[in-house]
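One-letter residues, chain by chain:
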2 protein chains.
Amino acid sequence: MFENQERTHLEELGEFGLIKHLTKNIKLTQKSTIKGVGDDAAVLDHDGKKLLVSTDMLLEGIHFDLAYTPLKHLGYKAIQVNLSDIYAMNGTASQVTVSIGMSSKFPLEAIEELYEGIYLACDNYNVDLIGGDTTASKQGLVISVTVLGYADEKDIVYRNTAEEGDLICVSGDLGGAYTGLQLLEREKLVYIENPNIQPDLEGKDYIVERQLKPEARKDIIDLLKELDVKPTAMIDVSDGLASEILHICKQSNKGCNLYEEKIPIDPMTYETAREFGLDPTVCALSGGEDYELLFTVKQADYDKIKHKMDFSIIGYITESNAGCNLITKSNNVHTLTAQGWNAFKASE
Amino acid sequence: MFENQERTHLEELGEFGLIKHLTKNIKLTQKSTIKGVGDDAAVLDHDGKKLLVSTDMLLEGIHFDLAYTPLKHLGYKAIQVNLSDIYAMNGTASQVTVSIGMSSKFPLEAIEELYEGIYLACDNYNVDLIGGDTTASKQGLVISVTVLGYADEKDIVYRNTAEEGDLICVSGDLGGAYTGLQLLEREKLVYIENPNIQPDLEGKDYIVERQLKPEARKDIIDLLKELDVKPTAMIDVSDGLASEILHICKQSNKGCNLYEEKIPIDPMTYETAREFGLDPTVCALSGGEDYELLFTVKQADYDKIKHKMDFSIIGYITESNAGCNLITKSNNVHTLTAQGWNAFKASE
């Protein structure tokens, strides 16, 4: 990617030089950030609000493939997958720390591209980068992000508080990130067989972007506040709809009925899944990486949320003994199982 | 290490099974921990105190060598190096998140050993493990830790606040972790050449332990409070004394004089350095990984700190133009340079 450009070798900079270089343009915007990069620890102050903390690690070869992942998108995504966890608590994300391990053979320009995506995500979502660690890696690229956020205690939404009769809602549409990944993997194989053939992603922008550059659904949190609806339980869809609703039901000690025909699937996702001989519903249930929000709301809030285009009502919570079921389009009842993404199987 | 034992393969457990298995014995002890592992984010509440956040990543082949690093020690050390950053702010560490990337070929028993060390460190230092991420790694073992702590605003000690005339102090002794590493590396080579020869670390426990199982100096923070001494600036010694004092001086816009004869070096460190043909002072200045605390105090506090065995006074802060100098035992003046550990060079 950088073969025709001048390279700056990381050894010349050293770790402190690199940190200085990468952080020189940081602008802190959060009132709660007292001290950012540059000491042993950042200093934050949250005025007695509840603090939220989450962390996610992305490893080359497991979570991303540099053959088709632009570094700027990767940096952007690394932040989004973390922000998504804070929004899934109904909180406001405010700060991130970013640790990067990379080969010393990476030119500085590559790391800069990665950080461009990181800073863009921080800018777009009004989050401060307050610290981190950079180190050499003998193996692949490693990105570890910790995100901090806050919320009033009364606003926090957990996973274990869904009640019988609650409506199950999901934002956006599902299965796109997974079908986008299938497409990218296919074009990679085509390219390996014949490097003269250009990747054919024509007209598939939407699902490719779902995979490479997801957006955490802060807008849904804002919308729910506007509608004066507090979800009874919430989780983000990182491992697939089935895995996530099972988390909510198991932790709430409840069951659920999901309706296949209600699961939101974009036409491009549907069509591409079919091209690959995949069942679009399975892509939505088990594909993962959509970073949508799955939440439950009281039936009493139905009037407030009906006709909203930003999310779909896809089922309801039942008592525990009724189990977790998918009602298919042909009216069959299937028990839901989490066949979501298993990082350990994926690595074999 | 596990060849004669039954192995539990990580694929059988899956990520959620593994998290559940590894976190089932967590006991939360911090009043500020509202919700730990088990939701999208942990929930903390620090009653309006200032929150401190720091993060450090350890990568196999860069920061540790599994040939001679017991996994339990590695887990312990991964926590210590993070706690050390909070103490270096004069704060109290309260929570950690731990993300682990590892090969799916690792047996569960190995991960358990790693976590045993993590939990032991958390227990010993009264810190809650509140979340994290576990994932497969196609390459080596990856450990990323984020630590949270707190402090009253008036107690926080930064790096950039040293004043001319302040005394420079360092806890414990320096260079031990580095000479311990030399010893371990030598015995590894001996073992590779002839696996029948057992490692000869007889009588070298102290420096081997300095390398493999460092202890963050919470006791020094407690002692300084007891003495009613607030340092004017502080940093932990992770990259070597020279690198750290240069951070303090550069950020405070000051110079310093350090006295070689005052630098605390354990006799075993001294003797082992000599065996390897190394200058013990250089090991202390550039070796790193000692995780001692380097701090400056007002001259007015001298009576409070003199005769304390837990730390040494090794020099004083000067005006910026005087530069950063080492006064040798033979009374020569050398300009201090940071030849500390460079992760990017180390990886070549």
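Residues numbered from 1 in each chain as written. Chains lettered and ligands numbered in written order. Predicted model: local features only at pLDDT ≥ 70, side-chain atom pairs only at ≥ 80, totals over all residues.

## Looking at the nonpolar core
Here comes step 1: Membership of the largest hydrophobic core comes to 206 residues, with the highest contact counts inside it found for Ile245 of chain A together with Ile245 of chain B.
Here comes step 2: If we skip the residues at most four places from it in the chain, isoleucine 245 of chain B touches Ile168, Cys256, Leu258, Leu294, Cys324 and Leu336 of chain B. (Core = buried A, V, L, I, M, F, W, Y, C linked by C-beta atoms within 7 Å. Buried ≥ 20, exposed ≤ 12 C-beta atoms within 10 Å, placed from the backbone. Contact = placed C-beta atoms within 7 Å.)

## Focus on the UniProt feature "binding site: Mg(2+) 4" (unreviewed entry) in chain A
Residues and elements named next belong to chain A.
Here comes step 1: Under the UniProt annotation, "binding site: Mg(2+) 4" (unreviewed entry) lies at Asp40, Ser54 and Asp85. Sequence-wise these annotated residues cover 46 residues; spatially they are dispersed, their C-alpha atoms as much as 25.9 Å apart.
Here comes step 2: Relative to the elements of secondary structure, aspartate 40 occurs in the loop between strand S1 (33-35) and strand S2 (42-44).
Here comes step 3: Note that aspartate 85 resides in helix H2 (residues 71-87). (UniProt positions renumbered as here; feature names shortened; annotations may be inferred. Helix = DSSP H or I, 4+ residues; strand = E, 2+ residues; numbered from the N terminus.)

## Concerning the interface of chain A and chain B
Here comes step 1: Each partner contributes residues to the interface: chain A has 61 residues there, and chain B has 61 residues.
Here comes step 2: Looking at the side of chain A that touches chain B element by element, the count peaks at nine residues for strand S3 (residues 50-59) of chain A.
Here comes step 3: Considered class by class, the residues forming the side of chain A that touches chain B number 25 nonpolar, 21 polar and 15 charged.
Here comes step 4: Across three bridges, the pairing between S2 of chain A and strand S3 (residues 50-59) of chain B is antiparallel. The residue bridging leucine 44 of chain A from the neighbouring strand is leucine 51 of chain B, located in S3 of chain B. (Nonpolar A, V, L, I, M, F, W, Y, C, P; charged D, E, K, R; others polar. Pairing = 2+ DSSP bridges.)

## Quick look at the packing of helix H2 (residues 71-87) of chain B against helix H3 (residues 108-124) of chain B
Residues and elements named next belong to chain B.
Here comes step 1: Packing of H2 against H3 leaves a shortest axis separation of 7 Å and a crossing angle of 40°. If you check the angle between H2 and H3, you find them oblique. Crossing hand, H2 versus H3: right-handed. Seen from H2, the contacting residues are Leu71, Lys72, His73, Leu74, Gly75, Tyr76, Ala78, Ile79 and Gln80; seen from H3, they are Ala110, Glu113, Leu114, Tyr115, Glu116, Gly117, Ile118, Leu120, Ala121 and Cys122.
Here comes step 2: Split into classes, the residues belonging to the contact of H2 with H3 amount to 12 nonpolar, four polar and three charged. (Axes fitted to C-alpha atoms, helices over the stretch in contact; angles between N-to-C directions. Parallel < 35°, antiparallel > 145°, perpendicular 65-115°, else oblique. Left-handed = near helix turned anticlockwise from the far one by under 90°.)

## Some thoughts on the UniProt feature "binding site: Mg(2+) 5" (unreviewed entry) in chain A
Here comes step 1: Using the residue numbers shown here, the UniProt feature "binding site: Mg(2+) 5" (unreviewed entry) corresponds to Asp239 of chain A.
Here comes step 2: Here aspartate 239 of chain A is to be found in the loop between strand S8 (233-236) and helix H7 (241-252).

## Structural notes on the relation of the copies chain A and chain B
Here comes step 1: Of the two same-sequence chains, chain A is brought onto chain B (RMSD 0.0 Å, axial shift 0.0 Å) by a rotation of 180°. Viewed as a symmetry operation, the transformation between the two copies matches a two-fold axis. The C-alpha atom lying nearest the rotation axis in chain A is that of glycine 48 of chain A; the distance is 2.2 Å.
Here comes step 2: Mapped onto chain B, 100% of the interface residues of chain A again fall at the interface, so both copies present the same surface. (Least-squares fit on C-alpha atoms with pLDDT ≥ 70 in both.)

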